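Structural characterization, general
As a plain string of letters, each chain reads:
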Amino acid sequence: IRDSRIITQLIGGVRLRLADGATLAIDIGTDLTVSALEAGRVLTVRSGRALLLTPPEAKPYPVRTPQGQVSVNVPAEVQVTLSPAGLEVLVLSGSAELMPAGGGPARTLPRRTLTRITKTTLTTEPVPDENLVQQVLWAKLVGVLVPPADALPPTGPVLNVAPRPGPEREKD
């Protein structure tokens, strides 16, 4: 975590509310950046897991990953997980659009679906209601931080979250 005035590390992850009312839950070990651009906020996920809840008054959120871009429509609740195995996009409510990095047509991701992108496949399957809660339980257990409105600049990088350096990583 590189900006402690905006976000606080909590056991089990972090949760924050952005200036436009969207909520972002970030799992431990996640490496992501939240940027505020004139067109709106952009999330870039390099590894880990994040859950984004967008209110009706927010703009659609692009979530960039090495495997493609997920455009989260509003209102929606969408979880993005990036691991060595690939990208998983779980749409709990609302919908999203997926544009794979290698090209190809955009794919609409309806609510209650799980889409997986690996090096060789792209699949979408329905998720039964009883499995939805288990998929996002981690996000419901993290605390809430609401920064003051002036803590988030109108443009430019807002927040970088990365795993803490261990013995094998360089320190900041």
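Structural data are supplied above this passage.
Below you will find a few notes about this structure.

Once that is clear, we can look at the pairing of strand 3 (residues 31-37). In terms of burial, strand 3 is a largely internal element, six of the seven residues being buried. Of the pairings in the sheet, the one linking strand 3 to strand 4 (residues 40-54) comprises seven bridges and is antiparallel in character. Pairing of Leu32 across the sheet is with Val45, part of strand 4.

A cis geometry characterises the amide bond from Val74 onward to Pro75, with omega recorded as -10 degrees. For Pro75, the location among the structural elements is in the loop between strand 6 (68-72) and strand 7 (76-83). Phi at Arg112 takes a positive value of approximately 60 degrees, unusual for a residue other than glycine. What makes Arg112 partly exposed here is its relative accessible area of 31%.

The two faces of strand 2 (residues 23-26) match: Thr23 and Ala25 on one face and Leu24 and Ile26 on the other face are all buried. Direction of pairing for strand 1 (residues 14-17) relative to strand 2: antiparallel, over a ladder of four bridges. Bridge pairing links Val14 to Ile26 in strand 2. In this structure, the hairpin formed by strand 1 and strand 2 is closed by a connection of five residues, where Gly21 is found at a positive phi of approximately 95 degrees. In this sheet, strand 4 lies alongside strand 2 in antiparallel orientation, the contact comprising four bridges. Across the sheet, the residue bridging to Ala25 is Leu51, located in strand 4.

The rules behind these values
- Residues numbered from 1 in each chain as written.
- Predicted model: local features only at pLDDT ≥ 70, side-chain atom pairs only at ≥ 80, totals over all residues.
- Heavy atoms only, no water.
- Buried < 20%, exposed > 50% of the residue type's maximum accessible area, 1.4 Å probe, protein only.
- Helix = DSSP H or I, 4+ residues; strand = E, 2+ residues; numbered from the N terminus.
- Pairing = 2+ DSSP bridges.

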